[in-house]
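# Observations on the model geometry
So the chains spell out like this:
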Amino acid sequence: MSLFLLTFSVPDSIAQNENSSVSIVPGSSSPFNGEFYVPNIVTVSPNASVTWTNQDTSSHTITSGDFTTGPSGQFDSGLVNTGATFTHQFTTPGTHSYYCTIYPFMSGMVNVTSP
């Protein structure tokens, strides 16, 4: 009888964490940059926090909702200047979309798992 140990890794973009960090990458103000928020999707437990760090040379916002329907009112960072951070604690399970109101082609998602 043989035993097999099966291991796998979960990509950072969907890894579940108690707290997570997201980078607003250099060049994010250009729609041709290819990446804006890294990771673009994070999964956290209820009551965990996500911290965004602006590594771009332009100011950005982290605003709940999406560019087609506008802000949802759940959270809004205001202007986040170069090198600054914004942190939000997520208490409600579900999918929480966000975008930059200055550069609305930038969007991301936070998945909050059920307890």
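Small disclaimer: the values here were computed from a predicted structure and weren't measured. (Residues numbered from 1 in each chain as written. Predicted model: local features only at pLDDT ≥ 70, side-chain atom pairs only at ≥ 80, totals over all residues. Heavy atoms only, no water.)

## Considering the overall build of the chain
Where we set the bar: Runs of E in the DSSP output that reach at least two residues are strands. Runs of H or I that reach at least four are helices, and both are numbered from the N terminus. Burial status follows relative accessibility: with a 1.4 Å probe on protein chains alone, a residue under 20% of its type maximum counts as buried, one over 50% as exposed, and anything between as partly exposed. In what follows, residue pairs with any heavy atoms lying within 4.5 Å of each other are defined as contacts. All accessible-area figures derive from a Shrake-Rupley calculation using a 1.4 Å probe, and residue coverage is judged against the displayed protein chains alone.
A tally of helices and strands in the chain yields zero helices and 10 strands. Ordered by position from N to C terminus, the α and β elements of the chain give β-β-β-β-β-β-β-β-β-β. Taken across its 115 residues, the chain has 36% of its residues classed as buried. Contacts spanning at least 24 positions in sequence make up 62% of the contacts within the chain whose residues lie at least 6 apart. Summed over all atoms, the accessible surface of the chain reaches about 6600 Å², with 55% contributed by carbon and sulfur.

## Here's the deal with the pairing of strand β7 (residues 70-76)
The side chains of a regular strand alternate, residue by residue, between the two faces of the sheet. Our working definition: Pairing between two strands is assigned when DSSP locates at least 2 bridges connecting them.
Taken together, the three bridges between strand β6 (residues 63-66) and β7 define a ladder with antiparallel strand orientation. Paired with Thr 63 across the strands is Asp 76, a residue of β7. Where β6 folds back on β7, the antiparallel hairpin that results is connected by three residues.

## Thoughts on the sheet that holds strand β8 (residues 85-90)
Taken in spatial order, the four strands of this open sheet run β3-β2-β5-β8, and their pairing is mixed. Only two strands of the sheet have a single neighbouring strand rather than two, namely β3 (37-38) and β8. Here strand β5 (residues 48-54) pairs with β8 via six bridges, running antiparallel. By the bridge assignment for β8, Trp 52 is matched with Phe 86.

## A word on the confidence of the model for the chain
Heads up, the rule is: pLDDT: the predictor's confidence for each residue, scored from 0 to 100.
Here the chain averages 88 in pLDDT, and 85% of its residues register 70 or above. Here residues 1-16 is a poorly scored stretch, pLDDT under 50, and it has 13 contacts once near neighbours within four places are set aside; other chains count.

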